[in-house]
Amino acid sequence: MHVRDGSRLSAAGATAGVGESLPPGSRHTIAQWLDHYSQGGDLRTTFAQLLSQLASTADPIWIYRASAADLAAQLEILHERLAAVGGDVTAIRKQLPLFGVPFAVKDNIDIAGIPTTAACASFAYVATESATAAQRLLDCGAVWVGKTNLDQFATGLSGTRSPFGRLPSTLAVDRVSGGSSAGSAIAVSLGVIPFALGTDTAGSGRVPAAFNNVVGLKPTPGRVSTAGVVPACRSIDCVSVFALAVEDAVTVLGAMEGADDKDPYSAFLPGVRQWSKPLRVGIPDPLTLDTLYQEQWQHAVECIKTLGHSVQPRDFSPLHAVGKSLYEGPWVAERLVTLQSLLEHEPEAIESTVRSIIAGGAAFSAADAFTAVYTLKSARSALERLWEHVDLLMVPTAPEHPTFVQIDADPIGVNARLGRYTNFVNLLGWCAIAVPAGLSQAGLPFGITLIAPGGSDLALARFAAGCQFNKLASMPSTMGTTAAAAFEDHFQPIIEPASELTIPVAVVGAHLSGMPLNGQLIEARARLAQTTTTAPRYRLYALPGSTPPKPGLERVVKDGCNIIVEVWDTPATSVGQLLARIPPPLGLGNLELSDGTWVKGFICEPAGLIGATDISEYGGWRAWVNRERTTA
């Protein structure tokens, strides 16, 4: 592996070296692996070479590396499938879209017939079947090649809490790799494999991505099954993806996602495909960030503005309050559920810092747990209003990149700081993607995380790919530690995650942002697409006796005006829910916008306008309401 000054990573104190990155021209992305076979690459020869490369990487990355027999069994199945279509690689890719693509899994994710340790030998068991997420990748033709090291029991964001060895960042030998999915992030960063699975409860799929210059995709909780995953906090755990390119991470999400009867927390819903308007991007104010990375952060902010989006500073105090509860509240007791027997009968098998954290769960009562659940429920409801003001959030993935010396001096305190911008996301049911954003002047990797409401996974990834923070940074870097150029200029996932049809609905009155009935749109999972005006063929009236006060919109033949409206992209499955709550004389009909397009929108039947006050001269309902407040 190459450090920025050209030296090679080697053992340093308690930190073991993690191997060499692959030479330029190697296969880095899923598409490059697939092209290799299309150009005549042989499966068995290819994986024999890969097995040799895996053997050259030092042990701390891997807890289990696939043997020749492990690979032979998988490759035999692929050869049989290929032979069934006459050796036609194009045909087999229609059946197996990830044909022959290697991947690894964090060693708290089951692979049938292979031990799962969660980085604890005393806990280990041989899995009888593969985790649903891994099995779905295998069913797409992917080939697992190993199980990677992690902070024991996925408890930690540093990558230093494993009896199997602690791992450094691939770009800085004296700094931590991030955790808990350390080995998965590093294997991808080195270019050994195009993607790997991790898990994410408090940021374990994002912090290691930032510290190793790769992409870390954390889905909406419930979108990907966690059946066959050793739980950390089962109620909010996610299977995450590390990749060198956003589109590869999205491809893997598309392969893994879906409902699963084996997982009681499975809650799959097709999401939003893309956002087609300038977006409002919320950023933390005040910002907590090491001075080493201020330049990269400012570059990311300017990048957002250059792309035509607005940046809106927000108070993150309510989010930090939610995040604080993850380790200072009874969710720690949820970790105890899995490990109570081991803690009672063989406590010395648990790494000391992990043991102290998990043992702390015993201090919480059932009343504490319910109180915390009630508090979180209230916070979730209140924070849903955040999306009335911004479309997504942008944060530094981590506020600092600690050295081993710093983490050893204060393992819990430093770890807590690393979760400042990650801990709250799963508790709130949101999705996130961490992407590289260049190198500091000292050559340290910096990462940005984008966060959006649950179900926005695909739209969020499209946005991230379009920003290309890494490519445009003042000190750009390649993908991981490879020589491959950072990011592609296109976004074409080989397997696209499911998305649902949305219908644009124009609102003109009490459903506008900040108005009394706007919550109905939020409940319907609608998203503000644009603020615009109608064509100049409408009149607006204040309806008498309406509670809450509402306007009525009428299309006229002459003397019409442009009336301000908001257009909300509403899931087709939710339009009926919205329609059922519209009282007479209002309804949904067809409405013409100023650019000549027609959308569904709120209109009023003529009989309902009898006795109404014409307020068209105000140009919109909000101006009328503000005028009434001023004169009241």
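Our subject in this report is the structure included herewith. Throughout this document, residue positions are counted from 1 along each chain, in the order its sequence is written. Local features in this predicted model are restricted to residues whose pLDDT is 70 or higher, and side-chain atom pairs enter the listing and the counts only when it is 80 or higher, whereas totals over whole chains, interfaces and linings include all residues. Each side-chain value is worked out from all heavy atoms of the structure, with water and hydrogens disregarded.

What follows deals with the overall build of the protein chain. Across its full length, the protein chain holds 21 helices and 23 strands. Atoms counted for the radius of gyration: C-alpha only. Globule rule: 2.2 Å times residue count to the power 0.38. Relative to the compact-globule value of 26 Å for 632 residues, the protein chain shows a C-alpha radius of gyration of 26 Å, a close match. Each of the three principal axes of the protein chain carries a C-alpha extent, and together these read 80 × 60 × 50 Å. Think of it in three bands: residues with accessible area under 20% of the maximum for their type are buried, residues over 50% are exposed, and the middle band is partly exposed, with areas taken using a 1.4 Å probe on protein chains only. Counting only residues that meet the buried cut, the protein chain has 60% of its 632 residues in that class. In what follows, a contact means two residues having at least one pair of non-hydrogen atoms within 4.5 Å. Long-range pairs, those at least 24 residues apart, make up 75% of the contacts in the protein chain between residues at least 6 apart in sequence. Here the accessible surface of atoms and residues is derived via Shrake-Rupley with a 1.4 Å probe, and residues count as covered only by protein chains that are part of the display. Accessible surface computed for the protein chain: about 23400 Å², of which carbon and sulfur atoms make up 54%. Helix numbers and strand numbers start at the N terminus; a helix is a DSSP run of H or I with at least 4 residues, a strand a run of E with at least 2.

Let us look at unusual backbone geometry. Going from Asp-285 to Pro-286, the amide bond is cis rather than trans, its omega being 10 degrees. Inspection of the secondary structure assignment puts Pro-286 in the loop between strand S11 (280-284) and helix H9 (294-306). The residue after Pro-584, namely Pro-585, is reached through a cis peptide bond having omega 10 degrees. Phi at Ala-119 is positive, roughly 65 degrees, even though this residue is not glycine. The class of Ala-119 is buried, set by a relative accessible area of 0%. Of note, the phi angle at Asn-213 is positive, near 65 degrees, even though the residue is not glycine. You can see Asn-213 is positioned in the loop between helix H7 (207-211) and strand S9 (215-218). Asn-213 gets classed as buried once you look at its relative accessible area, which sits at 1%.

To continue, consider a nonpolar patch on the surface. Taken together, the side chains of Phe-370, Val-373 and Tyr-374 present a nonpolar region at the surface, about 340 Å² in accessible area. Mapped onto the elements of the fold, Tyr-374 is located in helix H13 (residues 366-384). For Tyr-374, a relative accessible area of 53% translates into the label exposed. Patch definition: residues with relative accessible area over 30% and no salt bridge; like charges joined within 9 Å; nonpolar side chains (Val, Leu, Ile, Met, Phe, Trp, Tyr) joined within 5 Å. Any Lys or Arg side-chain nitrogen located within 4 Å of an Asp or Glu carboxyl oxygen qualifies as a salt bridge.

Strand order in this open sheet of three strands is S19-S18-S23, and the pairing throughout is antiparallel. Edge strands, defined here as strands with exactly one partner in the open sheet, are strand S19 (551-555) and strand S23 (613-614). The pairing criterion for strands is at least two bridges between them, as found by DSSP. Sheet topology note: the strand S18 (residues 538-542)/S19 ladder contains five bridges and is antiparallel. Note that in S19 the partner of Tyr-541 across the bridge is Gly-552.

Turning our eyes to something else, we now look at the nonpolar core. To form a nonpolar core, buried Ala, Val, Leu, Ile, Met, Phe, Trp, Tyr and Cys residues must be joined to one another through side-chain atoms within 4.5 Å. Counting residues in hydrophobic clusters, the biggest one holds 106 residues, and the most contacted among them are Leu-137, Leu-197, Met-394, Ile-433, Ile-448, Leu-450 and Phe-469. With eight residues, the single largest contributor to this core is helix H17 (residues 457-467). Once residues within four sequence positions are removed from consideration, Leu-450 is found in contact with Leu-392, Leu-393, Met-394, Cys-431, Ala-432, Ile-433, Leu-460, Phe-463, Ala-464 and Phe-469. Counting 34 residues, the second largest nonpolar core, distinct from the first, contains Ile-522, Ala-526, Trp-621 and Val-625.

So, on to the sheet that holds strand S14 (residues 431-439). Strand-to-strand pairing in sheets goes through backbone hydrogen bonds, with the strands running parallel or antiparallel. Pairing within the open sheet is mixed, and its 11 strands lie in the order S1-S5-S2-S8-S10-S9-S14-S15-S13-S11-S12. Strands at the two margins of the open sheet, each flanked by one partner only, are strand S1 (62-65) and strand S12 (310-314). Recorded for the sheet is a direction-independent mean angle of 25 degrees between the axes of neighbouring strands. Direction of pairing for S14 relative to strand S15 (residues 445-452): antiparallel, over a ladder of seven bridges. Across the sheet, Cys-431 pairs through a bridge with Ala-452, a residue of S15. Across the sheet, H17 lies against S9, S11, strand S13 (392-396), S14 and S15, angled at about 10 degrees from S14, the strand it touches most. An axis is simply a line fitted to the C-alpha atoms; with a helix, the fit covers only the stretch in contact. Between two such axes, the angle follows the N-to-C directions and lies from 0 to 180 degrees.

Moving on, we come to the packing of aromatic side chains. Ring pairs are drawn from Phe, Tyr and Trp, using the six-membered ring of Trp, whenever the two centres fall within 6.5 Å, and their geometry is named by plane angle: stacked under 30 degrees, edge-to-face over 60, tilted for the rest. Under the criterion given, the structure shown has 13 aromatic pairs. When the centroid spacing of 5.5 Å and the interplanar angle of 15 degrees are considered together, the rings of Tyr-293 and Phe-446 count as stacked. Of this pair, Tyr-293 sits in the loop between S11 and H9 while Phe-446 sits in strand S15, placing them 153 residues apart in sequence. Exposure class is identical for Tyr-293 and Phe-446. Each is buried. Look at Phe-316 and Phe-424: their rings are 6.4 Å apart centre to centre, the planes differ by 75 degrees, and that puts the pair in the edge-to-face class. A residue pair is termed long-range when its members are at least 10 positions apart, and Phe-316 in the loop between S12 and helix H10 (317-328) and Phe-424 in helix H16 (residues 423-427) qualify at 108 residues. On the basis of relative accessibility, which here comes to 3%, the residue Phe-316 falls in the buried class. For Phe-424, a relative accessible area of 0% gives the class buried. In this scheme, the term charge over a ring applies when either NZ of a lysine or CZ of an arginine sits within 6 Å of the ring centre and within 35 degrees of the ring normal. We note Arg-27 situated over the ring of Trp-33; from NZ or CZ to the ring centre the distance is 4.6 Å.

Here His-299 shows up in helix H9. Along the primary structure His-299 and Ala-580 are separated by 281 residues, whereas in three dimensions their C-alpha atoms are 46 Å apart. Filtering out sequence-adjacent residues up to four positions away, His-299 remains in contact with Phe-469, Leu-472, Ala-473 and Ser-474.

Attention now goes to the environment of Ala-437. By the element assignment, Ala-437 lies in strand S14. Measuring from C-alpha to C-alpha, the distance between Ala-437 and Ala-362 comes to 40 Å, with 75 residues separating the pair along the chain. Ignoring anything within four residues of it in the chain, the contact list for Ala-437 reads Gln-296, Phe-446, Gly-447, Ile-448, Phe-469, Asn-470 and Ala-473.

To continue, consider the pattern of salt bridges. If you walk through the whole model with that rule in mind, you get 21 salt bridges. Residue Glu-400 pairs with Arg-417 through a salt bridge whose shortest N-O separation is 2.7 Å. Linking Glu-400 in the loop between S13 and helix H14 (404-409) with Arg-417 in helix H15 (residues 411-418), this pair joins segments that are 17 residues apart in sequence. Put simply, Arg-555 and Glu-592 hold a salt bridge, and the shortest N to O gap is 3.2 Å. With Arg-555 in strand S19 and Glu-592 in strand S21 (residues 586-592), this residue pair connects regions lying 37 residues apart in the sequence. Taking relative accessible area as the criterion, Arg-555 reaches 40% and is therefore assigned partly exposed. Through salt bridges with shared partners, a single network forms among Arg-223, Glu-257 and Asp-457.

Structurally, Arg-234 can be placed in the loop between S9 and strand S10 (238-243). Residue classification places Arg-234 among the partly exposed positions, given a relative accessible area of 39%. Expressed as a C-alpha distance, the spacing of Arg-234 and Leu-34, which sit 200 residues apart in the sequence, is 35 Å. Arg-234 has contacts with Tyr-265 and Glu-334, leaving out every residue within four places of it along the chain.

Closest axis-to-axis distance for the helix H11 (residues 331-345)/helix H12 (residues 352-359) pair is 8 Å, and the angle between their directions is 115 degrees. Looking at the two axes, H11 sits roughly perpendicular to H12. In terms of crossing hand, the pair formed by H11 and H12 is left-handed. Where H11 abuts H12, its residues Val-332, Arg-335, Leu-336, Leu-339 and Leu-343 lie against Arg-355, Ile-357, Ile-358 and Ala-359. Polar here means any residue outside two lists: the nonpolar Ala, Val, Leu, Ile, Met, Phe, Trp, Tyr, Cys and Pro, and the charged Asp, Glu, Lys and Arg; Gly therefore counts as polar. Partitioning the contact of H11 with H12 into residue classes produces seven nonpolar, no polar and two charged. Comment on the angle field: the value is read as roughly parallel under 35 degrees, roughly antiparallel over 145, roughly perpendicular from 65 to 115, and oblique elsewhere. Here is the rule for handedness: rotate from the far helix to the near one, and if that takes an anticlockwise turn smaller than a right angle the crossing is left-handed, while a clockwise turn gives right-handed.

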